Amino acid sequence: MSQQKSAILVPGKIHPRVLDRLQAEFDILTAPQGAPLELGEADAARVRGIAVSGAVPAAWMERLPNLEIIANFGVGYDGVDVAAAASRGIIVTNTPDVLDDEVADTTIALLINTVRQLPRTEAYLREGRWANNGPFPLSPLSLRGRHVGLFGLGRIGGEIAKRLEPFKVKISYHTRRPKADCPYGYHASLLDLAAAVDTLICIVPKTAETHKAIDAAVLKALGPNGVLINVGRGWSVDEDALIAALQDGTIAAAGLDVFQEEPKVPQALIDLPNASLLPHVASASVPTRNAMADLVVDNLISWFGNGTVLTPVPETPPK
Ligand code: NAP
Ligand code: 8YV
C-alpha cells in the first residue's frame, strides 16, 4: 500500500531541518545530484514534489510525470531550470525575505573587512607579530568619503543600502528599471554606475543578462581607488579580469563571498593581499538557515494541504 503513497524527492544534501520536518509529513526519496536521475518507474511516478539545494535539470522533470512543485532552498533559484518547470506547469518556490537582513549584515562586514583589512590585522595579532614587530601598517583605504554603487537594489540590495546610510557614504544604483520614490541616484547602465562610484556592490541574480557583467571595462571604470564587493553570484564577475585588475592596480581591492566555480577558489585570488574572501556564508547563521529551511517545508505543506504556495518565483505563478 505504501508503494502507492506520493513522495518528496530530496536530491543531494539539504539543511537537516528540511529533512526532519519533511519526514514527519511525507515519504522521502533521495538521489545523488549532478547525475542522471536513477529512480525506478514506480518510484518516479510517486514523486509529486522536490526539495532542493542545488540543481534540478529539465531531464529530471521529464522523468517525473507527477511532479507538481520544486521548493528551492535559497532565494537564488538559478540551479532549477525554471523555463522547463514553467512549460510543464510545475511551480517553483524559493526563500526570499527571511535572509535579507543576514545577507545585508554580512555584506557590510565584508565591505569593511575589505577596505580596512581587518581579517589580516587579526591574523597579525594571532601570529604574535604585533608584539614582535609593532603596529599593523595603516590601511591605505577607508570607507570615509566613499561613493557606493549598488548593482541590484531588490530585497537584499535595499537592505544593504539602508545599512549604508548611517555610514555617511553617497549611494547610487543600477537596475534595469529605476525604482519609484528611491532616494539614491539612478544610472541606466552598469558602466555608467561604475564610472560614477568608487565602490561597487553586486547583488543581482544569476541570469543570462548578468553573466560576466562586471568585466574588464567595468573594473577599469571603477578605477584605481575602486573596491568591488560581490555577494550575488560568481557568475556575474569575469574572475580572470578581476584577478588581473587586482594584480595590476586597475582597482584597489575586492571582497567576495561568491565565486565562479564554488567551492574552487583560484589560487591567484587566494594569493592576493587586496582580496578579502568568504566561503559563501552571507546567509549562513543557524537562525537564518532555519528560517530558510522552514520556508522550503512550509511551501510544500501548504501546496499539498490547500493548493497554495507562500513564495512562488515570478516565472511560475500558481494558477
Ligand atoms: P531581488 O529582490 O529579485 O532583486 C534583484 C535585483 O537585481 C533587482 O533590483 C533587479 O532590478 C536587479 N536586476 C536583476 N537583473 C538585472 C540586470 N540584468 N541588470 C541590472 N539589474 C538587475 O533578489 P534578492 O532577494 O535581492 O537576491 C538577489 C540575489 O542575491 C539572489 O538571486 C542570489 O543570487 C544572491 N544571493 C546571494 C547570497 C549569498 O549567500 N551570497 C544570499 C542570498 C542571495 P530590475 O529587475 O529592475 O533590473
Ligand atoms: C545560500 C544563497 O548560501 O539564498 C541564496 O541564493 O546563495 C544563500 O542564501 C544557498 O542558497 C545555500 O544553498
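These numbers come from a predicted model, not from an experiment.

Novice: Can you explain the packing of aromatic side chains? Please cite residues and give values.
Specialist: With the rule as written, the count across this model stands at three aromatic pairs. On the numbers, 5.6 Å between centres and 70 degrees between planes, the contact of Phe26 with Phe304 is edge-to-face. With Phe26 in the loop between α1 (16-25) and β2 (27-31) and Phe304 in helix α13 (residues 286-306), this pair connects stretches of sequence that are 278 residues apart.

Novice: Hey, could you go over the pattern of salt bridges for me, with residue numbers and the actual values?
Specialist: Across all of its chains, the model carries 17 salt bridges by this definition. Taking the shortest distance from any N to any O, the salt bridge between Asp43 and Arg46 comes out at 3.0 Å. Here Arg46 and Asp43 lie together in helix α2 (residues 41-46), a separation of three residues that amounts to about one turn. Owing to a relative accessible area of 25%, Asp43 belongs among the partly exposed residues under this scheme. Of the charged contacts, one joins Glu209 and Arg176 as a salt bridge, the two residues approaching to 2.9 Å between their closest N and O atoms. Taken as a pair, Glu209 in the loop between β9 (199-202) and α10 (216-222) and Arg176 in the loop between β7 (170-174) and β8 (185-186) lie far apart in primary sequence, 33 residues in all. For the pair shown, Glu209 and Arg176 are each scored as exposed. Because the salt bridges share partners, they merge into one network encompassing Asp101, Asp105, Glu159, Lys162 and Arg163.

Novice: Pulling in residues and values, what's your account of the pairing of strand β1 (residues 7-11)?
Specialist: Burial analysis of β1 places five of its five residues in the buried class, the great majority of the element. With burial as the criterion, each face of β1 is covered, one bearing Ala7, Leu9 and Pro11 and the other bearing Ile8 and Val10. Summarising the sheet, β1 and β2 pair through five bridges and their orientation is parallel. The residue of β2 that forms the bridge with Ile8 is Ile28. The parallel pair β1 and β2, bridged by α1, forms a crossover whose chirality is right-handed. Sheet analysis places β1 next to strand β3 (residues 47-52), joined by three bridges and oriented parallel. Looking at β3, one finds that Leu9 is bridged to Ile50.

Novice: Which residues make up the site of ligand 2, and what values do they have?
Specialist: In the vicinity of ligand 2, the contacting residues are Ser53, Phe73, Gly74, Val75, Gly76, Leu99, Arg233, His280, Ser283, Arg289 and Met292. Between ligand 2 and Phe73, the relevant distance is 3.3 Å, taken from an oxygen atom to a main-chain nitrogen or oxygen of the residue. Its residues placed into classes, the shell around ligand 2 shows four nonpolar, five polar and two charged.

Novice: For the environment of Val103, give the residues involved together with the corresponding values.
Specialist: With respect to the helices and strands, Val103 occurs in helix α5 (residues 100-116). Separated by 102 residues in sequence, Val103 and Pro205 have C-alpha atoms that sit 14 Å apart. Beyond its immediate stretch of four places on either side in the chain, Val103 contacts Ile156, Ala282 and Ser283.

Novice: Give a description of the nonpolar core that names residues and reports values.
Specialist: Ranked by size, the top nonpolar core spans 46 residues in total, and within it Val18, Leu22, Ala51, Leu150, Ile160 and Leu164 carry the most contacts. In this structure, Ala51 is in contact with Ile8, Leu9, Val10, Pro11, Ile14, Val18, Leu22, Ala71, Val296 and Leu300, ignoring residues within four places of it in sequence. Formed by 27 residues, the second largest nonpolar core is a distinct cluster that contains Val197, Val204, Ile243 and Leu272.

The rules we used
Going along each chain's sequence as written, the residues are numbered from 1 onward. Note on labels: chains are lettered from A, ligands numbered from 1, in written order. In view of the model being predicted, local features appear only for residues whose pLDDT reaches at least 70, and side-chain atom pairs are presented and counted only at 80 or more, with totals across whole chains, interfaces and linings using the full set of residues. As a rule here, side-chain values come from all non-hydrogen atoms in the structure, and water together with hydrogens is ignored. Stacked, edge-to-face and tilted labels apply to pairs of Phe, Tyr and Trp rings (six-membered ring for Trp) whose centres lie within 6.5 Å, assigned for plane angles under 30 degrees, over 60, and everything in between, in that order. Put simply, DSSP marks the helices as runs of H or I at least four residues long and the strands as runs of E at least two long, and each gets a number from the N terminus on. Salt bridge criterion: a side-chain nitrogen from Lys or Arg within 4 Å of a carboxyl oxygen from Asp or Glu. Accessibility here uses a 1.4 Å probe with only protein chains present; expressed as a share of the type maximum, an area under 20% marks a residue as buried, one over 50% as exposed, and anything in between as partly exposed. When DSSP finds two or more bridges between two strands, those strands count as paired. Crossovers are marked right-handed if the path from the first strand over the helix to the second runs clockwise, as seen with the strands pointing away from the viewer. We define proximity as follows: a residue is near a molecule or strand when any one of its heavy atoms falls within 4 Å of that partner. As used in this structure description, the phrase polar contact means that two N or O atoms lie within 3.5 Å; if the pair is within protein, one of them must be able to donate a hydrogen and the other to accept it, and residues adjacent in sequence are counted only when both atoms belong to side chains. Residues are grouped as follows: Ala, Val, Leu, Ile, Met, Phe, Trp, Tyr, Cys and Pro are nonpolar; Asp, Glu, Lys and Arg are charged; all remaining types, including Gly, are polar. Note on definitions: a residue-residue contact is assigned when non-hydrogen atoms from the two residues lie within 4.5 Å. Think of a nonpolar core as a cluster: buried Ala, Val, Leu, Ile, Met, Phe, Trp, Tyr and Cys residues, connected wherever their side-chain atoms sit within 4.5 Å.

Any functional reading would require information that these geometric values do not contain.
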